[in-house]
Protein chains: 2
Amino acid sequence: MVWELVALLAGAISIGLAAYLYRWVMAQPNDNPQMKEFSEAIQVGAAAYLRRLYQALAGLAAVLFIIVLIVIGWQSAVAFLAGALCSGIAGYFGMYVATRANARVAWAARTGLEKAFPVGFFAGAVMGMSVVGLALIGMTVLLMIFGDPEVVLGFSFGASLMALLAKAGGGIYTKTADIGADLVGKVEFDLAEDDPRNPAVIADNVGDNVGDVAGMGADIFDSYVASVVAVMILGYALYRDNPAYVLYPLLLSAAGILASMIGMLFVRTGGSNDPGRALNTGTLATTGIFAILALGVVYAVGVDQPMGIYWPTIAGLLAGIVIGFTSDRFTDIDQNAVQSTANAANTGPAILILDGFSYGLVSIVPSIVGIVIAMVAAWFLAEQNGLAGTYGVSVAAVGMLAITGMIVSSDAYGPIVDNAKGCAEAGHEDEETIRVCDRLDAAGNTAKAITKGFAIGAAALTVLALFSAYAETVGLTALDLLNPGIIVGLFLGSMMPPLFSAMTMLSVSRNAFKMVEEIRRQFREIPGILEGTVPPDSTLCVDIATQGALRELVGPGVLALVVPIAVGLVLGTHALGGFLAGSIVTGIIFALFMANAGGLWDNAKKFIEDGAHGGPGSEAHKAAVVGDTVGDPFKDTAGPSLNTLITVMSLVATVFAPLIARFALFAL
Amino acid sequence: MVWELVALLAGAISIGLAAYLYRWVMAQPNDNPQMKEFSEAIQVGAAAYLRRLYQALAGLAAVLFIIVLIVIGWQSAVAFLAGALCSGIAGYFGMYVATRANARVAWAARTGLEKAFPVGFFAGAVMGMSVVGLALIGMTVLLMIFGDPEVVLGFSFGASLMALLAKAGGGIYTKTADIGADLVGKVEFDLAEDDPRNPAVIADNVGDNVGDVAGMGADIFDSYVASVVAVMILGYALYRDNPAYVLYPLLLSAAGILASMIGMLFVRTGGSNDPGRALNTGTLATTGIFAILALGVVYAVGVDQPMGIYWPTIAGLLAGIVIGFTSDRFTDIDQNAVQSTANAANTGPAILILDGFSYGLVSIVPSIVGIVIAMVAAWFLAEQNGLAGTYGVSVAAVGMLAITGMIVSSDAYGPIVDNAKGCAEAGHEDEETIRVCDRLDAAGNTAKAITKGFAIGAAALTVLALFSAYAETVGLTALDLLNPGIIVGLFLGSMMPPLFSAMTMLSVSRNAFKMVEEIRRQFREIPGILEGTVPPDSTLCVDIATQGALRELVGPGVLALVVPIAVGLVLGTHALGGFLAGSIVTGIIFALFMANAGGLWDNAKKFIEDGAHGGPGSEAHKAAVVGDTVGDPFKDTAGPSLNTLITVMSLVATVFAPLIARFALFAL
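Residues numbered from 1 in each chain as written. Chains lettered and ligands numbered in written order. Predicted model: local features only at pLDDT ≥ 70, side-chain atom pairs only at ≥ 80, totals over all residues.

Of the regular secondary structure elements, chain A holds 19 helices and 0 strands. The C-alpha radius of gyration of chain A comes to 24 Å, within 12% of the 26 Å expected for a compact globule of 668 residues. Counting the 668 residues in chain A, one finds 69% classified as buried. For chain A, long-range pairs separated by at least 24 residues make up 85% of all intrachain contacts whose partners lie at least 6 apart in sequence. (Helix = DSSP H or I, 4+ residues; strand = E, 2+ residues; numbered from the N terminus. Rg over C-alpha atoms; globule rule 2.2 N^0.38 Å. Buried ≥ 20, exposed ≤ 12 C-beta atoms within 10 Å, placed from the backbone. Contact = placed C-beta atoms within 7 Å.)

And the structure:
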């Protein structure tokens, strides 16, 4: 019981820190009324979207609550609700702060980078510490009450469902607004980014927050919980007589919280004035501190093979760092892939798109090799020390995700400072202030490349752990690829990520189409809008993005929930195992490909905007804008939702495993 | 022995028919000297490319001959050479006729469609009957001499390697020329397609032949042989005491040849004047006749369960037809996917590309469901009749491919009549003649959609059969997805098709870049070229395409050969099994996606050219041209090479299985 209390304490400290940082951020001044107004419009838009998203989700959650209640039991149903609720609260709180911090960062930027940076970072940390704190408290309380990891699985399922819809919905919202604003505002009317005369500019800024803050927070909340639950289930199944194997991931998370808190002290721009380096120093410091704390945990928790669980933990942690720091090789503006793609812009958009597409495909290689090495290393390090290999792999996933507090803080920093720039422009601040905001923003992009690699690596190990947890739960002893049922499952599962990507991207294009029409209508029908004498009707654009995102969520959401259960009920637990394996493989491939191709086109455009191949306004630049627009839904809508999709499907399969095992039609 | 002689006789009849049709086509007149000249330039260019490709291949084949000789034995080495040689001869012969038939079709088109159509179709049939005849004779002779299907496997390996390089090389060649010709000629100088002033026009027409005739012939030769060999190996391993199980696929092929010959009698435009319908009637007639002949074969050949092999054969055949006739749902110009993609062109190229990309991903669903149903049906129909399920699946692949003679004939017809239009334009024939050529060409595109579905479905079943043959050869009894080695293999294998696609597409873009520079140089430096008074230097463009294609083949070729062996030698036969499974899954997904997305963009452009959204010259049309250019290497370079890639890797793994089993480092 003492270890559970330690975990609870760590969670409470985390929430306490988040509350403290929230008060600190809110105490920062902003005396520019135009910036206030701009920021408030974003707050209103974001709150409106989240309110409607959560209303819709409440309906869905109620239906699923009843289904889980009937099929599995009331404990799991309660846990399911708690998971959805905690994820929602963390996302909402994070976004609440983020949409209030943007103008404060911009105001602080007037006095220089050193003042503005902490406002942005600590606002991000509110989200980071809320995520880990709520997750840890939720899981620990459920384990203390019910004593059964299968019940905690319901918590993970709730969080995961929330994440899928928040992430995909946010992704559709943000790109609808972004593409709409760009296609009409920038291309047709030659307005600058964030020009307040553009009717979609508020929606675009709201989008940054609902996609990159609320969506991303829910996403990592989901991975974090899922990785811990996978270890719990495997620990419970494999080592039933020693609760240390179930408690270990909770204590590892507690150590991660402590490490993140200490690591944050290293996030200082100091003399260097380089915010990107400050963020990376914080991440590396957190990693080092966590490695030491974890050593204490493995010896204290009371497992039989302390080093057998320590090494897989460290393998996961190191793999996360390595994947994070190498994954930007294909998207970095100074590297060959981006520059040769930018060079292709001289022949027009077609070859630029082909090149970005191709390099995006090549870019999956290092990350997948990294994931595979981490998995094999964790497996053998565990087996060599007398532990089950599957337990080792699942521990590696927790090791990778333990420093989530720090990772989310750096990641949420990005959209906050991005918005700050918009505020500064809306507030007509001077060029020096905008330049400071630009530098803060650039650091956000560097941090994002690293956290993105981290997130995908962690998700991959987590779903592999969930895959083992599924096999353990349904009692599979083997999953033989020579059996046609497994092959059928493998094929069907492997179709899901491409299909899901296609559905969300078609949603964006349908919605963006409506947005384009509305913006054009406003420019045509509202006199004085282009002269800046009459403000545009931003609310209508916010409405289009909001309604579209919610309506378009239905299809992908149903796909993720219904297909795994249908495959299981028709073809049985073995075919469903093959289905999960297939979805994991193509899910990771498409997630990496889409994220990297999108990032690459984005940076090819920036490379030209920095003056290459004729610079802004040239034909090459126009071609690069096309590439960037294609890449936007790749990197911000479809790509980031895929790891959540495969987590959700693994959880659905595991939660409904008893039902499937009993009622399967054919059981191939 | 009598059955082997029947198979040989059928092969000889097939070759005899090809020779007869060749003489008939060559006897057709062409009295337009300009068309002659144009056609001869294509002949010279195509022959030059094939000569250099075969020279390069001869070197590679010699190296592999020595490796196979040392590692496996002289019998397999001889079979390997024979396979490469037969494939090369069939491709060369087919292209020899095709490049001579084009002008004759154009000349016949002066007197109407009814005269011109048979010239095009019978010229295609020369290729179709050569492919099946040479394949059947080669396999039968090797089986008669050595009596061991493992030796015939070498024949398949040789054919497959040839196909991979012919297909990928041809794909790079044809798109280099096509994109180069379009980007400069059409976009910058506003020339029409096939305008003889364009320096790349000859290279473009050569490309149609080396890609769609020689490459496609080698590709289907490869699938055809591989499917037969897979059945032989499984039949030999599972039912060693009854040679009927080994002979069955050869006799099925013989029946397919007979059915194709009779089916060709149904290919008549008659009163309908609809060449597309004539081709489809021929395919359906061949299918029906084959189904009856196959019933005779299963009773005559002497297996214990005639219906147990008959039903899987028919399941494969029907699946081929169904996949073929439904696969154009996403690429058909009258359907929603193409029209809504074309509609997106109104907002510029970006959303058009996103929509085509997304529909391309959705389009994989019906085909994969079809493949999966065919596989499961064949499996259970075999098992229910007391046969091994794996044998049933492999028989289904042969059933699907048995009517290859007819399929290849219809398919080769396409590029021949496409070239005929170029000839008619170069020969300044009247509008009515060009209109007839256009209608012949449209029929070729309809036939192509069906044969493409067929080819991918057949390739999928074939590699699944090869996968079983691999497992049988290395003696795997299970391939457990819960084993980390299999998961590692699965991930590594699944990376190969995307990586291979990326490499070939980057090759196209590098090469097209050079082509663009050369065409621009000619327009700049050769006075009188635009006025048509001085001919362009076509040879230089042919050289760029040829050299580029050969140079760029090295990387993808090495990838396909070396990686499977390396994975096997380092991680062992089980991981290699997972590797093959992973490559099959993503190989089929990417092949379907790329073929369909490319076809969709192509038709979206045609839809606009037919007058929608402002018609030719509008902004929407320009956007659609960008989409088409992106889609070109998708559908003609990367996509069609992928089924060959997975066949080659499966064969490499099976051929080198003894080596791998003995020397594997870790054997995960």
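On we go from here.
Contact with chain A, which involves 58 residues of that partner, is made by 57 residues of chain B. Looking at the side of chain A that touches chain B, the elements with two or more residues in it are α11 (349-362), α12 (364-384), α16 (484-525), α17 (538-609) and α18 (619-655) of chain A. Top element by residues in the side of chain A that touches chain B is α16(A). It accounts for 19 residues. Its residues assigned to classes, the side of chain A that touches chain B comprises 45 nonpolar, 11 polar and 2 charged. (Nonpolar A, V, L, I, M, F, W, Y, C, P; charged D, E, K, R; others polar.)

This brings us to the nonpolar core. Grouped together as the largest cluster of nonpolar side chains are 559 residues, with contacts concentrated most on A:L461 and B:L461. Apart from residues no more than four positions distant in its own chain, B:L461 is found in contact with B:G316, B:I371, B:A374, B:M375, B:V393, B:A396, B:A397 and B:M400. (Core = buried A, V, L, I, M, F, W, Y, C linked by C-beta atoms within 7 Å.)

What follows is about the relation of the copies chain A and chain B. Taken as rigid bodies, chain A and chain B are interconverted by a rotation of 180° and an axial shift of 0.0 Å, the fit giving an RMSD of 0.0 Å. Here the two chains are linked by the operation of a two-fold rotation axis. Of the C-alpha atoms belonging to chain A, the one lying closest to the rotation axis is found on A:D480, 2.2 Å away. Comparing interface residues between copies, 98% of those in chain A also lie at the interface in chain B; the contact surface is shared. (Least-squares fit on C-alpha atoms with pLDDT ≥ 70 in both.)

Residue and element names in this part refer to chain A. Examined against the element boundaries, V97 turns out to sit in helix α3 (residues 74-109). For V97, a count of 25 C-beta atoms within 10 Å gives the class buried. Taking the C-alpha atoms as reference, V97 lies 16 Å from G405; in sequence the two are 308 residues apart.

For the rest of this paragraph, the subject is α16(A). An α-helical turn contains 3.6 residues, so a residue and the one three or four places further along point in the same direction. Spanning 42 residues, α16(A) covers 62 Å between terminal C-alpha atoms, matching the ideal 62 Å at 1.5 Å per step. Counting buried positions along α16(A) gives 34 out of 42 residues, so the element sits mostly inside the fold. (Expected span 1.5 Å × (residues − 1).)

Here we take up the packing of helix α4 (residues 113-146) of chain B against helix α6 (residues 201-238) of chain B. Residues and elements named next belong to chain B. Relative to each other, α4 and α6 sit at 35°, their axes nearing to 10 Å. For the crossing formed where α4 meets α6, the hand is right-handed. Contacts between α4 and α6 pair M127, V131, V132, A135 and M139 from the former with V213, G217, I220, F221, Y224, V225 and V228 from the latter. When the residues that make up the contact of α4 with α6 are grouped by side-chain class, the tally is 11 nonpolar, 1 polar and no charged. (Axes fitted to C-alpha atoms, helices over the stretch in contact; angles between N-to-C directions. Left-handed = near helix turned anticlockwise from the far one by under 90°.)

Mean pLDDT for chain A: 89, with 99% of residues reaching 70 or above. Under the prediction, the complex receives an ipTM of 0.93, its pTM being 0.94. (pLDDT = per-residue confidence, 0-100.)

The next subject is the environment of A:A378. Residues and elements named next belong to chain A. When you line up the elements, A378 lands in helix α12. A C-alpha to C-alpha distance of 32 Å links A378 and S358, two positions 20 residues apart in sequence. When neighbours within four sequence positions are excluded, A378 is seen to be in contact with P312, A315, G316, G392, V393, V395 and A396.

All names here are of chain A. Contact pair helix α2 (residues 33-71) / α3: the axes reach a minimum separation of 11 Å and the direction vectors enclose 175°. With respect to their mutual orientation, α2 and α3 come out roughly antiparallel. The class makeup of the residues in the contact of α2 with α3 is 20 nonpolar, 6 polar and 2 charged. (Parallel < 35°, antiparallel > 145°, perpendicular 65-115°, else oblique.)

A positive phi angle is found at A:H613, which is not glycine, with a value near 50°. With phi around 60°, B:D190 is a residue other than glycine that occupies positive phi space. When you line up the elements, B:D190 lands in the loop between α5 (149-189) and α6. Given 9 C-beta atoms within 10 Å, B:D190 falls into the exposed group.

Taking 1.5 Å per residue, 21 residues should reach 30 Å; helix α7 (residues 244-264) of chain A reaches 29 Å between its end C-alpha atoms and fits that length. Taken across its 21 residues, α7(A) has 17 buried, putting it largely inside the fold.

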